[in-house]
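# Coordinate inspection notes
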Amino acid sequence: RMTIAYNSFYHEDLLSQLLETFGNEYDMIDLCLCDTYQWLSTIRDADFVISDSFHVVCFSLILGTPFACLLPEGKGEARFVSLQQQMGYDECRNIYPSQADDIISLIRSIMQVPLDVEFIYANMQHHRKVAHDWLQSALKSPVPQWVGSPYHRASRSEKKQEVLNNPAARKLLVVRRKLRVVKLFLAVSPFGRSFLKRKKAFYVEILDRMAW
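Calculation criteria
Residues numbered from 1 in each chain as written. Predicted model: local features only at pLDDT ≥ 70, side-chain atom pairs only at ≥ 80, totals over all residues. Heavy atoms only, no water. Core = buried A, V, L, I, M, F, W, Y, C linked by side-chain atoms within 4.5 Å. Buried < 20%, exposed > 50% of the residue type's maximum accessible area, 1.4 Å probe, protein only. Helix = DSSP H or I, 4+ residues; strand = E, 2+ residues; numbered from the N terminus. Contact = heavy atoms within 4.5 Å. Disulfide = S-S within 2.5 Å.

### Examining the nonpolar core
Judged by nonpolar contacts, the single largest core of 22 residues is most densely connected at Val 57, Leu 61, Phe 67, Leu 83 and Tyr 89. Counting residues per element, the ones that place at least two in this core are helix 2 (36-45), helix 3 (54-63), strand 4 (67-70), helix 4 (78-87) and helix 6 (117-140). Here the element with the most residues in this core is helix 3; it accounts for 5 residues. Ignoring sequence-local partners within four residues, the contact set of Tyr 89 consists of Val 57, Leu 61, Phe 67, Phe 80, Leu 83, Gln 84, Asn 94, Leu 115 and Ile 120. One finds Leu 15, Tyr 26, Leu 70 and Ile 95 within the second-largest nonpolar core, a separate group that totals 17 residues.

### Description of the state of the cysteines
Applying the stated criterion across every chain, the model contains 0 disulfides. For Cys 34, which is in no disulfide, the shortest distance to another cysteine sulfur is to Cys 32 and amounts to 8.5 Å. Left without a disulfide partner, Cys 58 is nearest to the cysteine sulfur of Cys 69, which lies 9.7 Å away.

Written out as structure tokens, the structure is:
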């Protein structure tokens, strides 16, 4: 008998319906009950996969296993659509459960559609090359003059620009402000000095590690 691997985080009622229908026809394996190695080998060895997990769909593509994806509508389905457009697999594999009149029949029809593994692997290789080229280019790009130097060496305009463009810089700016407040309390308050010293050391360590 065929083996179907499945899991669902967003469609429990629908999953029960699928298990009731397919359970007598196929060997059903719940991916949620597998450890890491079993999880990968089950996806690899299954004849078909039914899931609403993005990572399960990704590994189904990598391992060349045909699948049907139950899109988690309103909970990040855009990345499934983007994945389909980039990898070029059949659009019918992405199912909107709320729009399906007979989802059982729809999945049965998808099971008859072969997965064009060679075409998908070619697209995968193309995107790997694009990512590799981008990374190589980024690593060879000149570093801004003050990056890696203590924050106080930067000019006022450089500080402002970095804070505007870099979320990490904004968080570090908050740390610097908190450090100033802690130093102020240490200077004027006789209370909680051990706590304030620990906070000061914590903030200083963060800024030192980030060269700020």
